[in-house]
Amino acid sequence: KRCKRFPATMLRRHLSTLPRALLARSHPAAARSMSVKVDGDNAEVEIAPILAYKTEGPNTTWVKTTKDEVLKSLYDMILMRRMEIAADLMYKSQLIKGFCHLYDGQEAVAIGMEMGCTKKDAIVTSYRDHCLQYSRGDTVKRILAELTGKAGGCTEGKGGSMHMYRSEANFYGGNGIVGAQVPLGAGLAFAAKYKTNNGLPRGQAPSDAVSFAMFGDGAANQGQVYEAANMSFLWKLPVILVIENNQYGMGTSTLRASSNVDFYTKYDPLPGLKVDGMDAFSVKAATEFARKHCMEGHGPFVLEMNTYRYHGHSMSDPGLTYRSRDEVSGIRKERDPIDKLKRITMELGYMDEAGIKKMEKEVRAVVDEAVEFSKTSPEPELKEMYTKVFTHKEDYIRGTDGIYGHGKCTWAPGA
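Residues numbered from 1 in each chain as written. Predicted model: local features only at pLDDT ≥ 70, side-chain atom pairs only at ≥ 80, totals over all residues. Heavy atoms only, no water.

### Comments concerning the overall build of the chain
Argument step 1. Counting its regular elements, the chain contains twelve helices and 13 strands.
Argument step 2. Buried residues in the chain amount to 51% of all 415 residues.
Argument step 3. Relative to all contacts within the chain whose residues are 6 or more apart in sequence, the contacts with residues 24 or more apart total 72%.
Argument step 4. Element-wise, carbon and sulfur atoms account for 55% of the exposed surface of the chain, whose accessible area totals about 19,500 Å². (Helix = DSSP H or I, 4+ residues; strand = E, 2+ residues; numbered from the N terminus. Buried < 20%, exposed > 50% of the residue type's maximum accessible area, 1.4 Å probe, protein only. Contact = heavy atoms within 4.5 Å. Areas by Shrake-Rupley, 256 points an atom, 1.4 Å probe, with all protein chains shown as cover.)

This is the structure:
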């Protein structure tokens, strides 16, 4: 009996974790940045070749950058990591309630995209949204205050972890329903094309902005994703489908959940690229290429970001029942995006090890101050329940009992 049970349990575990770990590490798109060229404050960083489907892809493996861009990117990625670790500790201290999905390990995707686009471009993502809120220009104070449901939060304590939002930077959240953000991303692309052309030409037409619809490998098989991709192709909408393939949909390996694990080829006839999502410069190069394709009116594009999350799916998931500690530590050691950017920064001569440690100390102080702010910020007043419900001011908003609400009512019984 013992011999019969061994394959049933152990083989399932090995099939769901070991091949995925090897694939994530050994794929050409997972290679490290290889060398650099420096010319004062301007530089170039070499990346591994990017795999392409139905497109030529970037025609060079050298990515241009600047000293300011490198240092800002490093600072932002270190801050994102520190912020998410702080959120982990606050959740365990019961300062944060409800759902909480952390982004540590995937920072290069958010930062690389920002390097390759502008704030005029729209971004919509899933519930793993804290770091996207920051990369779109918000502060750590406001983000952590939102996680604790305080009035000083980025959506005034109304959204929490999964529903952050920053319309002035064209960031449309944080969406709690798996895959639901992808049709919204198509709609944002529709708006960009419509406004550029004063109407919607059905065929090829330029656009002065694009939208990024970000989702995970777990959402990639959703029917609404295919529907949005189909409509976007027919109408040539400037939407970039960004698949953050962190190797597991909740606790299920992609090898067990998807018939096609080459996600960048999944939405035929859409062209796509497979990118090392642990290398900010690879992400930048792919983002620039896809954005140009869309802005020229060629229609939607797919970017698969080969990345990895260190935490479990959410705070309720320890993340070690379906993968081993060795797998997680191996990815940290071999592919960590922050360590990679630190090495590049030092190779470029833009900062030495002592300078990086000083930067990390500064980040720690910023996050510690934000944690205190999130603890001391006041709770939202009850009247805030009825604000920002509509885009225009309403004299009366009905309450949950159907009669009593906020404002003056002229039609309810007894009014």
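Next, the rest of the story.
### Section: the sheet that holds strand β2 (residues 42–46)
Argument step 1. Strands sit in the order β1-β2-β4 across an open sheet of three strands; the sheet is antiparallel. In this open sheet, the two edge strands, each paired with only one partner strand, are β1 (36–39) and β4 (62–66). The mean angle between the axes of side-by-side strands here comes to 20°, regardless of whether they run parallel or antiparallel.
Argument step 2. Two strands pair when backbone bridges link them, and β1 and β2 are joined in this way by four bridges, in the antiparallel orientation. Note that in β2 the partner of Lys37 across the bridge is Glu44. (Pairing = 2+ DSSP bridges. Axes fitted to C-alpha atoms, helices over the stretch in contact; angles between N-to-C directions.)

### Observations concerning the sheet that holds strand β10 (residues 272–276)
Argument step 1. Strand order in the open sheet formed by six strands is β3-β10-β11-β7-β6-β5, and the pairing between neighbours is mixed. Looking at which strands have only one partner, the edges of the open sheet turn out to be β3 (51–53) and β5 (122–124). For this sheet, the mean inter-axis angle between neighbouring strands, taken without regard to orientation, is 20°.
Argument step 2. In the sheet, β3 pairs with β10 via three bridges, with the strands oriented antiparallel. Bridge assignment links Leu51 to a residue of β10, and that residue is Lys274.

### A closer look at the pattern of salt bridges
Argument step 1. For the coordinates displayed, the defined rule picks out 22 salt bridges.
Argument step 2. Across the pair Lys54 and Asp268 runs a salt bridge whose closest N-O atoms are separated by 2.7 Å. Separated by 214 residues along the polypeptide, Lys54 in the loop between β3 and β4 and Asp268 in the loop between α8 (254–257) and β10 bring together distant segments of the chain.
Argument step 3. The class of Lys54 is exposed, set by a relative accessible area of 52%.
Argument step 4. Taken together, the salt bridges that share partners define one network made up of Asp138, Arg142, Arg166 and Glu168. (Salt bridge = Lys/Arg side-chain N within 4 Å of Asp/Glu carboxyl O.)

### What about the confidence of the model for the chain?
Argument step 1. Model confidence for the chain is summarised by a mean pLDDT of 90, while 89% of its residues fall at 70 or above.
Argument step 2. Confidence over residues 1–33 falls short of pLDDT 50; this stretch has 56 contacts with residues more than four positions distant or in other chains. (pLDDT = per-residue confidence, 0-100.)

### Comments concerning the packing of aromatic side chains
Argument step 1. Per the counting criterion, the structure on display carries seven aromatic pairs.
Argument step 2. Relative to Tyr194, the ring of Phe190 has its centre 6.0 Å away and its plane inclined at 15°; by these criteria the two rings are stacked. Linking Phe190 with Tyr194, this pair stays in helix α6 (residues 181–197), spanning four residues, or about one helical turn.
Argument step 3. Classification of Phe190 as partly exposed rests on a relative accessible area of 29%.
Argument step 4. Relative accessible area serves as the criterion here: at 42%, Tyr194 is assigned to the partly exposed category.
Argument step 5. Here a set of aromatic residues connected by ring pairs shows up, and it is made of Phe190, Tyr194 and Trp235.
Argument step 6. Over the ring of Trp62 we find Lys37, and its NZ or CZ is 4.2 Å from the ring centre.
Argument step 7. The ring of Phe233 carries Lys236 above its face, with NZ or CZ at 4.1 Å from the centroid. (Phe/Tyr/Trp six-rings, centres within 6.5 Å; stacked < 30°, edge-to-face > 60°. Lys NZ or Arg CZ within 6 Å of the ring centre and 35° of its normal.)

### Brief notes about the packing of helix α2 (residues 67–92) against helix α12 (residues 353–376)
A pair of packed helices is captured by two measures, namely the crossing angle of their axes and the spacing between those axes.
Argument step 1. Following both chains from N to C, one finds α2 and α12 inclined at 40°, their axes separated by 9 Å at the closest point. Taken as axis vectors, α2 and α12 run oblique relative to one another. Crossing of α2 against α12: the hand is right-handed. Here Leu71, Leu74, Tyr75, Ile78, Leu79, Arg82, Met83, Ala86 and Met90 of α2 lie close against α12, whose contacting residues are Ile356, Met359, Glu360, Val363, Arg364, Val366, Val367, Val371 and Ser374. (Parallel < 35°, antiparallel > 145°, perpendicular 65-115°, else oblique. Left-handed = near helix turned anticlockwise from the far one by under 90°.)

### Focus: the environment of Gly312
Argument step 1. Tracing the sequence through the fold places Gly312 in the loop between β11 (301–306) and α10 (325–335).
Argument step 2. Between the C-alpha atom of Gly312 and that of His101, which follows or precedes it by 211 residues, the distance is 8.2 Å.
Argument step 3. In this view, Gly312 contacts Arg128, Asp317, Gly319, Tyr322 and Arg323; residues no more than four positions away in its chain are not counted.

### Concerning α12
Argument step 1. Spanning 24 residues, α12 covers 35 Å between terminal C-alpha atoms, matching the ideal 34 Å at 1.5 Å per step.
Argument step 2. Buried-residue contacts for α12 involve α2, α5 (140–147) and α11 (337–348). (Expected span 1.5 Å × (residues − 1).)

### Here we look at the packing of α6 against helix α7 (residues 223–234)
Argument step 1. Orientation of α6 relative to α7, taken along the N-to-C sense of each, is 15°, at an axis distance of 8 Å. When the axes of α6 and α7 are compared, the pair comes out roughly parallel. As α6 packs across α7, the resulting crossing turns out to be left-handed. Across the interface between the two elements, Val182, Pro183 and Ala186 of α6 pack against Gln224, Val225, Ala228 and Ser232 of α7.
Argument step 2. Of the residues in the contact of α6 with α7, the class split is five nonpolar, two polar and no charged. (Nonpolar A, V, L, I, M, F, W, Y, C, P; charged D, E, K, R; others polar.)

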